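Architecture and fold: a report
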Amino acid sequence: MSGVPELVDHADVIVVGAGNAALCAALAAADAGAKVVVLERAPEAESGGNSRFTAGAFRCVYDGVEDLRALMPDLTDAEVENADFGTYTEAQFFDDMGRITEYRTDPELCELLVTRSRGTMLWMQRQGVRFMPIWGRQAFRVGGRFRFWGGLTVEAWGGGPGLVDTLYRLARAKGVEIAFGAAATGLVADDDGVHGVTVRRAGKTGEARARAVVLACGGFESNTEWRTRYLGPGWDLAKVRGTRFNTGEGIRMALAIGAASAGNWSGCHAVGWDRNAPDFGDLSVGDGFQKHSYPLGVMINANGERFVDEGADFRNYTYAKYGRAILAQPGQFAWQVFDARVAPLLRDEYRIKRATKVRADTLEDLCARLEDVNAERALATLRAFNAAVITNVPFDPNVKDGRGTVGLAVPKSNWANPLDEPPYEAFAVTCGVTFTFGGLKIDQEARVIDVDGAAIAGLYAAGELVGGLFYNNYPGGSGLMAGAVFGRIAGESAGAFAQ
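This text gives an overview of the structure that appears in the document.

Here we take up the packing of aromatic side chains. In the structure shown here, the tally under the stated rule is 28 aromatic pairs. Here Tyr-88 and Phe-93 contribute two aromatic rings whose centre-to-centre distance is 5.5 Å and whose plane-to-plane angle is 45 degrees, an arrangement assigned as tilted. Note on Tyr-88: relative accessible area 2%, which makes it buried. Taking relative accessible area as the criterion, Phe-93 reaches 0% and is therefore assigned buried. Judged by centre distance (5.5 Å) and plane angle (85 degrees), the rings of Phe-338 and Tyr-350 are edge-to-face.

This is how it looks when you write it as structure tokens:
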């Protein structure tokens, strides 16, 4: 390839990006007999896209424990005996996708995501990816048994970093070449379709030719200008949970040759994130800056007031939209408040050394220590909340227990406990953007569609730069699942096209 060192002159399939979706595409294309090159903009130490920053959870269909045992053969009889895994049927997945996206999800893409989730997980397992139950974050032990909740049961062994490292190893074993520090800057295209990409590497730019190209290099959440342009005012102030390299380049390249846009361009996956976290993700911390146990406590803004129903639903169904709610508060922050009753149930991320927190033995002292908060109003809010809790309904964190409040302007629908057992702890959070929902339009073969409704020959897309699946909100674990499903489809389609 002229001008760009250490890259082959020609490949059957070029995959742009090197996260979960990209690597699933590379594996599938290689299985189809294609010579595959993966172009990763990031240096090797920061490679893997957002996938490396995740906890590795996959939302997939299973009809019972035997489906899980097929996926996770390491499960022991004792583990099965001591757990209630329940089921997560296709109907439940469809219902969640409809309800959470306010029924805007693209029906064809949604159908592929749901109906191919189980088969894709089994395919990954056959490739060599290991999975395990999410014991620590998705199940509480009640009566001596773990009970899983919220439709999310399975994660990759080793979380996001383990998933990415495994996929790299598997791809290389199939002869896939992975080029780090290789930034795709444009598509080589003419009236007959796409024939490769322009690449900048080691200060030199050249063309990498291929019969097919798969774009799987993420959304635009790390592009401050695009965040503000498309998500709206104030989004330039949000933190980015993951990689600094997801600046929308794949989307830009495709739009430049006439690709159609799709999806919720003003929407994104945004969560509660440590207020003092760095501007972009830190691989030494991973997803530890997230703070997702808010359903067990209350959130207070700078005015000392609650602003969301913390118990409206399981964390899996609210966390991706509550970051937006936090960003809308004065000063773009909030404090999550807990007492000793629920402290043992808090997720591990609350115990990292770099958590921004305060601790006190009385609510009065705690409110006084909440930086940038109206302490008098906060104390009144917490006292009013305590008085409003329906205490005659049993507390059960594994189900939507109906233990709510009465008489409050902002109710709490489930898991409401009076804050009356010291010591008290509060954690400062702001908005952390995970990925953006707007992107490219694709069909059921993962072909990129142009503005006239035709497929662009030789161009495919998968992962977070695909638009149309998620609107306003997102069911936890469906991002990695969608990346794997559509990555596999894109790889198979590109591999077949390249033959």
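Picking up after the structure, the text goes on.
In space, the three strands of this open sheet follow the order E3-E8-E5, with antiparallel pairing throughout. Bordering the open sheet on either side are strand E3 (57-58) and strand E5 (131-133), each of which pairs with just one other strand. Both E5 and strand E8 (residues 154-156) contribute to a ladder of three bridges, which runs antiparallel. When the bridges of E8 are listed, Pro-133 appears paired with Val-154.

What follows concerns the environment of Asp-236. Within the element layout of this structure, Asp-236 appears in the loop between helix H9 (224-231) and strand E13 (239-240). Linking Asp-236 and Thr-105, residues 131 residues apart in sequence, is a C-alpha distance of 27 Å. If near-sequence neighbours (up to four positions away) are discounted, Asp-236 is found in contact with Thr-224, Arg-227 and Thr-228.

Turning our attention to the environment of Val-214. When you line up the elements, Val-214 lands in strand E12 (residues 204-215). Distance from Val-214 to Gly-468, taken between C-alpha atoms, is 18 Å for residues 254 residues apart in sequence.

Analysis parameters
Residues numbered from 1 in each chain as written. Predicted model: local features only at pLDDT ≥ 70, side-chain atom pairs only at ≥ 80, totals over all residues. Heavy atoms only, no water. Phe/Tyr/Trp six-rings, centres within 6.5 Å; stacked < 30°, edge-to-face > 60°. Buried < 20%, exposed > 50% of the residue type's maximum accessible area, 1.4 Å probe, protein only. Pairing = 2+ DSSP bridges. Helix = DSSP H or I, 4+ residues; strand = E, 2+ residues; numbered from the N terminus. Contact = heavy atoms within 4.5 Å.

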